[in-house]
Amino acid sequence: MVQHLTLKLYDTEDHKEFILTLVYAKCDHIERIELWDSLYYLARDMTIPWLVEDDFNVIWDEEEKFGGLPVSLNEVDDFMHCMDTCNLTDMGLKESIYNWWNERAEEDCIFKRLDRVFANMELQQLWPGLEITRLSKIGSYHCPLLLTYNPDSVPIKKSFRFLKFWTEHESYKAVVKENWQADFHANPFILFNHKIKRLKKALSTWSRVIFGDIFQKIDSLEEVVRVHEAQFELNPMRQNRKRLQKVQAELIKYLTLEEKFWKQKSGMTWFNDGDRNTNFIHAHAVYGLNSDSAGGPDGFNGSFFHSCWDIIGDDVVEMAGFVKVRSIVENVLLTQEIITDIRLRIKAGPNVVIKLDMTKAYDRLLWIFLNKMLRKMGFVERFISWVFGIISNNWYSVLINGQPHGFFKSTRGVK
């Protein structure tokens, strides 16, 4: 039996061709190898938008299955290798992870994610706002997938945000220690920036593996709980109660993570930790940072600095500010204290705070003044032009709701 149907279609609105491959994979993983070989062959000369979807009869990782026999890693590896080699990206699934249920009870009850949608880069550029939603299951073990494209919607890339509950996981500090390093020598600012970027990428990958999408996981577990509740009502045996309690405990774990996420996002600890921060301002600026608020656009908050000071402390100390007896972290803390005071004193109506860069001497330095000083000190014009080329090539974007907007050039200052 053929395991896929490939069509060349024409989009009458965009006036572009694209390839659609509909998959119905065999249950046996050996027979599925023929499907992977077919997709390899198609991908070899694929230069136009390509959409691959439907029933692959294999999951992507262990998170996509509940119940039944253990996952075969060989099957998963074959699947992932094929998609990676074909340069196909999983387009995701809104709400519940699972889209297949065998409708059986007790120990035979199994949930999986077998149906999914993949696309190459050309198709993602053609339809950047493509969304995949799971519909209700009717007359089949599979839930239909609805593909929706809104040409007016622009996909928002989520900015990195350090989550406080990460620090509670046993492998968290090992990830930080492993990635907080650089294989080159440079000034403290460049090294610190390099380590932050490297760690940000590593923590994002680690979080996806350890926690996954907690909101999607909650949707999935709520569905499993409903099924086990119904089974227990029909047959209130001790074994069914144990199964229900097991899945309820898993759901409670993720609901706890969700609560911590929203507590951090809403900044509720401002009201609990405000006075405590004031007490620490002269003792140590870093440990006075609010643990639930981000100190800047990099997304790292006080909780990160508190939990990993033994690893990152030396680098932070080297990042001292240019004003005598004042460090950068003290300026950040002072801003937090001012905002706390505003929120406690002015409770009527919403408040707006505009965050601007702290003005220092090097921010106001005129470039023409620097050029004249270098000439006065006897530097040759070639060297002066090098310096001017470096300091004048600064461009900025403004973060609005976590997303960069605009791109404008600096006219003064040394960065």
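In case you missed it, the structure is sitting above this.
Structure report, in brief.

About the thresholds
Residues numbered from 1 in each chain as written. Predicted model: local features only at pLDDT ≥ 70, side-chain atom pairs only at ≥ 80, totals over all residues. Heavy atoms only, no water. Salt bridge = Lys/Arg side-chain N within 4 Å of Asp/Glu carboxyl O. Buried < 20%, exposed > 50% of the residue type's maximum accessible area, 1.4 Å probe, protein only. Helix = DSSP H or I, 4+ residues; strand = E, 2+ residues; numbered from the N terminus. Expected span 1.5 Å × (residues − 1). Arc of directions from axis to C-beta. Contact = heavy atoms within 4.5 Å. Phe/Tyr/Trp six-rings, centres within 6.5 Å; stacked < 30°, edge-to-face > 60°. Lys NZ or Arg CZ within 6 Å of the ring centre and 35° of its normal.

1. Some remarks on the pattern of salt bridges
Between side chains of opposite charge, a pair can form when the charged atoms approach closely. In this structure the tally under the stated criterion is 12 salt bridges. We note a salt bridge from lysine 26 to glutamate 31, for which the minimum N-O separation is 3.4 Å. Given the relative accessible area of 16%, lysine 26 is considered buried. The partly exposed category is assigned to glutamate 31, whose relative accessible area is 39%. Between aspartate 90 and arginine 113 there is a salt bridge whose closest N-O contact spans 3.4 Å. Here arginine 113 lies in the loop between strand E7 (111-112) and strand E8 (115-119) and aspartate 90 lies in strand E5 (residues 89-90), a separation of 23 residues in the sequence.

2. Describing helix H2 (residues 73-85)
Between its terminal C-alpha atoms H2 stretches 18 Å, which fits the 18 Å expected from 13 residues at 1.5 Å a residue. Within the span of H2, buried status applies to Val76, Phe79, Cys82 and Met83. Within H2, the buried residues cover an arc of 135° as seen down the axis, which keeps them to one side. Relative to its buried face, H2 has exposed residues pointing more than 90 degrees away, namely Leu73 and Asn74. Along its buried surface, H2 packs onto helix H1 (29-44) and E8. Positive phi shows up at asparagine 87, right after H2, with a value of about 55°.

3. Observations regarding the packing of aromatic side chains
Throughout the structure, instances matching the rule amount to 25 aromatic pairs. Measuring from centroid to centroid gives 6.0 Å for phenylalanine 160 and tryptophan 166, while their planes differ by 50°, and the two rings are tilted. Residue class for tryptophan 166 comes out buried when judged on its relative accessible area of 3%. Taking 5.6 Å as the distance between ring centres and 80° as the angle between the ring planes, the aromatic pair formed by tryptophan 180 and phenylalanine 192 counts as edge-to-face. Of this pair, tryptophan 180 sits in the loop between helix H4 (172-179) and helix H5 (188-210) while phenylalanine 192 sits in helix H5; the two residues are 12 residues apart in sequence, bridging distant segments of the chain. Across the pair, phenylalanine 192 and tryptophan 180 agree in class, each one buried. Among the aromatic residues, those joined into a cluster by ring pairs are Phe160, Phe162, Phe165, Trp166, Tyr172, Trp180, Phe192, Trp206, Phe211, Phe300, Phe304 and Phe305. Across from the ring centre of tryptophan 100, 5.5 Å away, lies the NZ or CZ of lysine 112, which sits over that ring.

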